[in-house]
Amino acid sequence: MGQRNHLHHIKSASQPLIQESFPLNEHPAMVQISYSQLDIHNESDIKALQTLISVDLSEPYSIYVYKFFLNQWPNLCYIARDAETSQVIGTIVSKLEPHKGTRSRGYIGMLAVKTAYRGQGIAKKLVRLSIEEMIKSGADEVMLETEVVNAAAIRLYENMGFLRSKRLFRYYMNQHDAFRLILPLTERSVVRSTFLEPLKDPADAGKLKDDMDLLTANLSTSSF
Amino acid sequence: MSTDITQLLFAKAAKIPIDKVIKSPHFNLFEGTNALEIGNAKLDTGSITLTGEELHFDCSQVRSLSEVLWISDSLLRSVFTWLDNASLSVTVLSNRYAEELLMNYNTGKDKNLNSCLFYTSESPTENALVDKVLRSVVLGTLAFCNLCAGLAHNGTVYEEEDINPTAMNLDLLSLIDGAEIAREIEWSIEYLKENYEYHEDCDILVQILTILLNFLDLTYFFGIKVANGDKPLAFDIEILKGLLKVCESLRGQLDYLNKLPEIKGCYSMGIQKRLDNRAPIKALVSYKQEDYTSLVTFVKDMISMFEIQHRTEPSDVINYVTNFSNYPHHVLSRAIFPIFLLRDDGSILGSENVKEFLVSEMVGFNCYGSGAFTSENIIIKKKMDEFINGLTMNYLEYLQSFNQNSCRQRQHLLKIVLSFDSLQVSAESLEMEMEQTFLIKDNINQNGHTVPALPLTCWVYYKKLSIMINIIFKGFHLQLYNTWEYLSMYWTVLNLITNQLEILQRIQKHILTKLQAMKNHPQHVTKLRQSLGRVINELAYYRMLNSLTVLQILNLRQLKSMKIITVPEFPFSNEEKSFKFRQKSFKSIGVPPQPTFSDFQQFQGSKEPSFEEFKSQVNELKKSINENITTLLSSRSCNNGINDKQCQDWTNLFKRSMVGICLNGAKEGYNGQEYKVEVMREGFHGFFPVLKCVKK
């Protein structure tokens, strides 16, 4: 039941959605990049994705964080691959949840591209794919946090229409402040949640109910 | 008694679908982020490898005076690296002496001073420098840490974000009386003076001990009463000035201290392995990141806090609080400030209660002689009491926003503004009821018509507008707006400033009307003239903001028409959506009405001044800015000596921005193909960053 719920969004995980070519910094030959949604059953891709993020991002993430994102929103996780070597060279991990019960808020949790492949628009492509998928799923806005000193990331997101909504004091473990960036997509995003009708999305309600049922079942049979 | 749950766990786990996440309502993403994961090299503290020196570190070893100085200096500096957004486990508690002493204290039967030991076995040799002197340093340091952690728990600043008080489940000597620790420190000072009088290290160590001794008395300062008026402060500020001298002297020894040889193994990540630790692996933060500048800043902040002793009227407190928020402070000072300002007994500075203070602030500004405050009617009194109670609660929140870090200040103001909007509605209906039902007339002449003056409503509205204006300007300070948004944001804030000026002029007219009516009552005239002075001062401030904002707008319009600043084409959004998103914060505010995107477009489409007209307007604006700054500086320099220099520096930054905008802005003949803008902030006012045209 849970499997169907989570996997029906995935078009064809094994087939790349998009293929692009560009010369790689270190190699003058044209490199083809393919983009695809994550196949939740592909453990090696998940491992590669974890390694990529772990090397790239300052914050350490436990397996629980990855599971939280990837199992619930595999359709919002994209992988960029070097088409020649099939090596995972970029990834984006996102989620989409109701915010204050009034708007559907996408969240870009992690974005990483291998150093040698940077500067070719791969991150931009991954972000676009993720946002487009969120829009299809009814997102009203997309949110993320980025370090105030990460000029490249800020430029990438702001060129897509993200706005800095808040500055978060010493948000990261490395003591840097963060900007909370929000991309308003629908009218619901530009109205205060107090003045919005609650979301009525049966799919969301159903998903929550499934989880709660399973949890209740486990708790009720637990004897410790 | 233990139960083996292995089989039960396996049986339960087998029922969980492989790709299913089970989310407990008691568990969220944040906790997941902090969950430890065995085998994960970034999260599993069990995988920390310790060196031989760390593993075999011996706290009972005899140490020389220089070694004890090195440990003491590094420990005191570690406190300030901790307070600079680090955790105790990688700073103070990573010191082996601190860890051992705390472990013995926490596991001791009685948790008293006797259990505060570095080692529990018999010492083979006389070890006074370690057992007595170093021990008193560690005791004093940990007592200070306990005070700081307590301030974080107190909620005046944000736990973790401002101060991380997590102490790995160790009690930081909370059960030991400060007087006992003070005696230990005093003994050490005497011992050092007697036995090491001519040793250079002795003086520095005594300075460290003196600072720790003073810190034990810090809470005394929080409770000092600062009454309104000419009553002398029952406290000698010289104590803090003396402490500052010691701290500055210690800072002067930094080169020498940095050359002292380090003791290997004395600081270790081992505590992260050994004790309860819910955090990922964290590298040690070097004590050398602190050069005692934070210490000096903190003590200077404390001295500056007492400048309020010269207060004579409510506006002094408001200026004092506003001034505090305008400058960065040590986190500890930010934590102490609200405790000093707003006491547990509900008073301001241990004197009048907040409600009395609020009433005197309103009366001192524009409500002098207002029927709302003077009426003897029981019903009016009751209604006013209810209203003032509601206002006091929100005013208290407003006062509590000023000590927050700059990011949080804006968020606090965003919440408060909605309450002030509701209060304005309540105030207006209350005053209209007073006028219509109880015939309490308080009128002014507005455009040839006699209209109710509504002083209560005006005060709330004026406060609300000042909060709204601050929210937008603080957005510039926090770098929240992109340059293509500058025009719409300055245009939005200009609308608010215009409304603020209107309300202040209305208040001014009301006071002048009252002055005319009471010209034969000298007592009233004096009070009303004081009110008028404050209003004129506020008018000067907002006129200056108005002119600077118009200056920015004129420049931005030129930059836009030259296509040096353009709105980008967005794949998922557009300018209108962005504009509406920015207006969202004030969406529910009834008065003043919020401008729409079409209003903004209309403004953008209006005729732009020619370059000659532009230059002439700029000159007019410069004149107005200078005049108003002069008015402000002359009144602020008479601010009863409270934070005068900071007030002047703050005001002068506006002048620097004015000059910066004029020098670096659009020039005739510039165009977007050749030029782009760079934002300059250093040396300018945060509300008015300067856009510099530079060649692409």
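Throughout, residues of each chain are indexed from 1 in the direction in which the sequence is written. Labels are handed out in written order, letters beginning with A for the chains and numbers beginning with 1 for the ligands. pLDDT decides what is reported in this predicted model: residues at 70 or higher carry local features, side-chain atom pairs at 80 or more are listed and counted, and totals for whole chains, interfaces and linings draw on all residues regardless. As a convention, hydrogens and water are excluded, and side-chain values are obtained from all of the structure's heavy atoms.

Draft legend 1. Molecular detail of helix H23 (residues 575-583) of chain B. Three exposure classes are used, based on accessible area relative to the maximum for each residue type with a 1.4 Å probe and protein chains only: buried under 20%, partly exposed in between, and exposed over 50%. Comment: elements are numbered from the N terminus, with helices defined as DSSP H or I runs of at least four residues and strands as E runs of at least two. What H23 of chain B keeps buried is the set Lys577, Ser578, Phe579, Phe581, Arg582 and Gln583 of chain B. Any two residues having at least one pair of non-hydrogen atoms within 4.5 Å are treated as being in contact. Contacts made by the buried residues of H23 of chain B are with strand E7 (163-168) and strand E8 (178-184) of chain A together with helix H21 (483-517) and helix H24 (597-605) of chain B. Taking the backbone nitrogen of glutamate 576 of chain B as reference, a side-chain oxygen 3.1 Å away marks asparagine 574 of chain B as the first, capping residue of H23 of chain B. Polar contacts, as used here, are pairs of N or O atoms within 3.5 Å; protein pairs need one atom able to donate a hydrogen and one able to accept it. Residues neighboring in sequence count only if both atoms are side-chain atoms.

Draft legend 2. Representation of the interface of chain B and chain A. Chain B puts 54 residues into the contact, and the matching count from chain A is 60 residues. The buried area of a pairing is the accessible area, by a 1.4 Å probe, that goes missing from both parts when the two are put together, added over both. For the pairing of chain B and chain A, the buried interface totals around 5,200 Å² over both sides, and the portion due to carbon and sulfur atoms is 62%. Throughout this description, the term salt bridge denotes a Lys or Arg side-chain nitrogen within 4 Å of a carboxyl oxygen of Asp or Glu. Linking chain B with chain A are 2 salt bridges, by the criterion used here. Here aspartate 84 of chain B ties to arginine 170 of chain A by a salt bridge, and the two come within 2.8 Å at their closest N and O atoms. Applying the counting rule to chain B against chain A returns 12 residue pairs in polar contact (both at pLDDT 80 or more). Of all the elements, H23 of chain B adds the most residues to the side of chain B that touches chain A, at 5 residues. Each residue receives one of three labels: charged for Asp, Glu, Lys and Arg, nonpolar for Ala, Val, Leu, Ile, Met, Phe, Trp, Tyr, Cys and Pro, and polar for the others, Gly being one of them. For the side of chain B that touches chain A, a count of residues per class yields 22 nonpolar, 13 polar and 19 charged.

Draft legend 3. Molecular detail of the environment of cysteine 458 of chain B. Residue and element names in this part refer to chain B. In this fold, cysteine 458 is placed in helix H20 (residues 455-477). Overall, the relative accessible area of 6% leaves cysteine 458 in the buried class. A sequence separation of 30 residues divides cysteine 458 from glutamate 428, and the C-alpha atoms of the two residues are 8.7 Å apart. Residues within four places of cysteine 458 in sequence aside, it is in contact with Asn366, Ala453, Ile503, Arg506 and Ile507.

Draft legend 4. Broad picture of the confidence of the model for chain A. Residue and element names in this part refer to chain A. In this model, chain A carries a mean pLDDT of 80, and residues with pLDDT of at least 70 account for 76%. Between residues 1-15, whose pLDDT stays under 50, and residues either more than four places distant or in other chains, the model counts 25 contacts. This stretch, residues 202-224, has a pLDDT under 50; its non-local contacts, to residues over four places away or in other chains, come to 26 contacts. Confidence of the prediction at every residue is given by pLDDT, a number between 0 and 100.

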